[in-house]
Amino acid sequence: MAEHESLEFGKADFVLLDQVSIEEFMSNLKLRFEKGRIYTYIGEVVVSVNPYRPMNIYGRDSVEQYRGRELYERPPHLFAIADSAYKAMKRRNKDTCIVISGESGAGKTEASKYIMQYIAAITNPNQRAEVERVKNMLLKSNCVLEAFGNAKTNRNDNSSRFGKYMDINFDFKGDPIGGHISNYLLEKSRVIFQQEGERSFHSFYQLLKGAPDSLLRSLHVHKDPSTYSYIRVGGVIKSSINDSADFKAVADAMKVIGFTADEIQTTYKIIATILHLGNLTFGVDGDVTLIENTKLTSVIAELLSTKDESVEKALLYRTVATGRDVIEKQHTEQEASYGRDALAKAMYEHLFCWIVARINDIIEVKNYDARVHGKNTVIGVLDIYGFEIFQNNSFEQFCINYCNEKLQQLFIQLVLKQEQEEYQREGIPWKHIDYFNNQIIVDLVEQQHKGIFSVLDEACMNVGKVTDELFLQGLNGKLSKHAHYTSRKLSPTDKSLEFDRDFRIRHYAGDVVYSVLGFIDKNKDTLFQDFKRLLYNSSNPVLKGMWPEGKLRITEVTKRPLTAATLFKNSMISLVENLASKEPYYVRCVKPNDVKSPLLFENERCRHQVEYLGLLENVRVRRAGFAYRQTYQRFLQRYKMISEFTWPNHDLSSDKEAVKRLLQGCGFHNDVAYGKTKIFIRTPRTLFSLEEERAQMVNRIVLFLQKVWRGTIARMRYRRMRAALVILRAYRRYKVKSYIREVNRRFKSVRSMKDLGRHVKWPTPPKVLRRFEDHLKSIYNRWWAWSLIKALTPEETLQVRAKVCGLEALKGLRVDMGLHRPWVGNYLKRDSPDSASSFTLVSSELQRKDKFMRVLFSCNVRKINHFHKAENRTLLITDRHLYKMDPLKQFKPMKSIPLYNVNGVSVSPGKDQLVVFHTKDCRDLVVCLQGMVPPNESRVGELVGSLLSHFKSENRKLVVNVVSPIQCSMNGRKCTVIVEAKINQPQPDFTRSRSGYVLAVPGN
Ligand SMILES: Nc1ncnc2c1ncn2[C@@H]1O[C@H](COP(=O)(O)OP(=O)(O)OP(=O)(O)O)[C@@H](O)[C@H]1O
Ligand SMILES: [Mg+2]
């Protein structure tokens, strides 16, 4: 049972119908067809409805879905059946066969091709060249067989006009190693006659439409089919068949399969000969029959590689041996025409059988030794005509319907047998199943002496006039009591039967009325011996090889040839025996409508097929007793979640006990039987209930599994993250440690280094220690600075302090602060060595008088006086006062400014040496340092730094501005001092301006 489709698509197995009735069956079939589900099971039988549209269910992904799966694991499909057959063959070493039946156009041939494709797709995983070759041959053979054995009919554009059974042989590994094809009852009458709207075999049209002109010329044929009377009817039909392309495909396939060029050529010659034969006409001249268009005789002779006279003679005369004498008897015109048609049909039939035999020669298993290679197993595929009921049913329909009776009989036997065997195996009592056994009809046809075939053969053997009516009389005599046989004579009131013409058989599939007209003839299937000899004597060895029976001399006494009916019966019996020895799988094809529509489901039509295919019977047999069975283990696997005793695992003594417990719990105990290895469930309801419960539980289980699995995943992720973190941390620690160790190593002995480690290169820190490195560096710098400061003299300390103050006040605001040179402070002695002694004298005097402790700064300056004039002065700044001295008067001290009066200093951002001292009483002092040695030395930084340092040491505040222009107060009046560069200015000097003063400095 296929369990993986929702009920929306109907029931995937007819066995599960609530009630086995034709109505339910049909509505399920229809629903599934409409929902695009063309396959449905009856147990292990696939019912297939022709979709009449391309279905996207045969591709590689579908193959993978079904490969190695059990039947019920996936929705119904041909592939599932093919896989089952393949598995049975591979796992259990069983020969299997797949029987495909159904009426014309129901999709048998397509199904057989999909099955072969599936088998080809799943075998030979190692791509062995030999196996690939065999697979290719098997697939290619279809194309050739279809060209010669298929024709367009009113029911199917590509109708197989022969029955086909193909064995595929497999080696012990399950790879195809060869095959064998058997063909049954080719509809050869089609060669000379077709119904309106139908065509002859594809091969004729393919040759005319597809062969190159040179070939057509050599065969003396034209492209136009309507010029050939045998195939005229079909020549004008429009269809989607592309004969020209098919011709090439078939020629290629024949070549690939291994037909020689001569063989292919002979095939064309035979086809052409048949076309010419059809145009041959006979006339009478007095009592002589003659050929009217003798030109054709020579064409035929040429194509058959024989002499004109021989052809003509064979067509017009019959050699008869009477005792020792051999006489030639001339045909009547009618006999000649009959002979011609018989020849055409026989030639085509021989050609077809020869093609099959050639393919068999090539694909047969060679060099296989079972002792070495293990057992060679077989999958057989039977694609055979289904039941036929036409307006006028003749000998062919009779044979075909007999064939279907045989297959149905086999089906019943096997299915019943299988069921019975299974019940026995499982120890379950066998209950009688009420089904229609068609053995009685099979017997009606094939029984010795009494059967219809026997009566027919007897009638044919009669000496004297043999007619179809006599045959019917024979039937009426022998079968008058048979329940399944009747005729007008036996049922005089039945007007549907014609007197002396019709008989009716009640087949298992329905009643069929046959007309006896032509039965005798078709059964005798006479082909004058002269034709056989003619063809055997051809100098074309290929043609000769097709007609071994022509070897016999006319005088040789031969047994009467077997009749067509007997031949067919024998082939059917052997086919059925062959199938019966294998494990069978069935595909039952249904044709949904007559107009090849993908949408139309003609209820009556389908219902009829369902009836005569015996599908309902099949469901009954299958359900007789039990609708469902499954091994305990698999049953548990599927349903164990329903019961607490079995979920997740049971602890009972066996799976059987567990299943018992489970079913007791559900209350289904009375609807089941416990076999030895399998559980049998009587009604589908029970199974559906189990399925429903399962579906509910599955949701919960899925949720549970999802929960557990999500938890597991999260835990796994967490553990991984934690591990990563540990690793990360260890790695970081290692990096940090090795960095610290390296810093330690490099800086270990900096104390003893001359530069206290300034030159030591810092190792590159790991990323996390970048800020730490900054701190380290700053610690080091502090230590280094401290080490330096520690070694300074008091003077040097003062100087450093001053420099630090200068730097703090001016950094980034003024360039060139003179930090890199020693700050002398008292410059005057150095700048004016000549007058140094007088300066020293004056400054000592001032020290004595004003009691200052030290000189902060001294320098020559240019200064603006009260009269706004510039004059030279010397500036002496001590820790108490700011003195202005006149250098021209031995440094006579002018007015001094006590330092506590000074509250600010302004300088410009440029390179000039302008300094403005701001005083609390708004009597600012504006000076420009000058007379420096070397001349461009800048002392502004030093002056500011020293002053600031001193103020700081006394905890006083001094405001330092770096601006331009500088605002100041001269004697209480506000004014500005601007610095301007002038090209021809030799020395910096002040001039007056409207708003104050300009310090002109040398340009460039
Ligand atoms: N599975 C399928 N998918 C699509 N189309 C299909 C399928 N089966 C059959 N058909 C269509 O139906 C047509 C007839 O199918 P097919 O030739 O297999 O019939 P058949 O049963 O072999 O008939 P016959 O007894 O006349 O040989 C195909 O040519 C194709 O167009
Ligand atoms: Mg077919």
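- Within an unreviewed UniProt entry, the label attached to the chain reads Unconventional myosin-Id, and the organism entered is Gouania willdenowi.
- What UniProt states about the chain under its Sequence similarities (unreviewed entry) heading is, verbatim, "Belongs to the TRAFAC class myosin-kinesin ATPase superfamily. Myosin family."

Considering the UniProt feature "domain: TH1" (unreviewed entry) in the chain
Working step 1: When the UniProt feature table is mapped onto this chain numbering, "domain: TH1" (unreviewed entry) sits at residues 812-1003.
Working step 2: Between the first and last C-alpha atoms of residues 812-1003 the distance is 23 Å; the span itself is 17% helix and 42% strand.

Looking at the sheet that holds strand 25 (residues 914-919)
Working step 1: Taken in spatial order, the eight strands line up as 23-22-21-20-26-25-24-27 in an open sheet, and their pairing is mixed. Because the sheet does not close on itself, it has two edges, and the strands there are strand 23 (892-898) and strand 27 (959-962). Here the average twist between neighbouring strands, direction ignored, is 30°.
Working step 2: Sheet topology places strand 20 (residues 855-864) next to strand 21 (residues 870-878); nine bridges connect them, and they run antiparallel. If you follow N860 over to strand 21, its bridge partner there is T874.
Working step 3: Helix-sheet contacts for helix 31 (residues 836-850) involve strand 20, strand 21, strand 22 (881-886) and strand 23, and the interaxial angle to strand 22 is about 145°.

What about the site of ligand 1?
Working step 1: Around ligand 1 there are 18 residues in total, and S104, K108, T109, S159 and S160 lie nearest to it.
Working step 2: In the environment of ligand 1, an oxygen atom lies 3.3 Å from a nitrogen or oxygen atom belonging to the backbone of A106.
Working step 3: In this structure, S160 approaches ligand 1 through a main-chain N or O atom, which is 2.7 Å from an oxygen atom.
Working step 4: Relative to its unbound accessible surface of 630 Å², ligand 1 loses 86% to contact with the protein.
Working step 5: At the level of elements, helix 4 (108-122) and strand 5 (159-160) are the ones that each hand at least two residues to the shell around ligand 1.

Some remarks on the UniProt feature "binding site: ATP" (unreviewed entry) in the chain
Working step 1: In this numbering, the UniProt entry assigns the feature "binding site: ATP" (unreviewed entry) to G102, E103, S104, G105, A106, G107, K108 and T109.
Working step 2: Position of E103 relative to the elements: it lies in the loop between strand 3 (96-101) and helix 4.
Working step 3: The residues contacting E103, other than those within four sequence positions of it, are K108, G386, F387, C589, K591, R605, Q609 and Y612.
Working step 4: Position of S104 among the secondary structure elements: in the loop between strand 3 and helix 4.
Working step 5: Residue S104 is classed as buried on the basis of its relative accessible area, which comes to 10%.
Working step 6: Residue contacts for S104: discarding those within four places in its chain leaves T153, R155, N156, S159, R161 and K591.
Working step 7: In terms of polar contacts, S104 uses its side chain to reach the side chain of S159, at 3.4 Å.

Calculation rules
Residues numbered from 1 in each chain as written. Chains lettered and ligands numbered in written order. Predicted model: local features only at pLDDT ≥ 70, side-chain atom pairs only at ≥ 80, totals over all residues. Heavy atoms only, no water. UniProt positions renumbered as here; feature names shortened; annotations may be inferred. Helix = DSSP H or I, 4+ residues; strand = E, 2+ residues; numbered from the N terminus. Pairing = 2+ DSSP bridges. Axes fitted to C-alpha atoms, helices over the stretch in contact; angles between N-to-C directions. Contact = heavy atoms within 4.5 Å. Near = heavy atom within 4 Å. Polar contact = N/O pair within 3.5 Å; in protein donor to acceptor, adjacent residues only side chain to side chain. Areas by Shrake-Rupley, 256 points an atom, 1.4 Å probe, with all protein chains shown as cover. Buried < 20%, exposed > 50% of the residue type's maximum accessible area, 1.4 Å probe, protein only.

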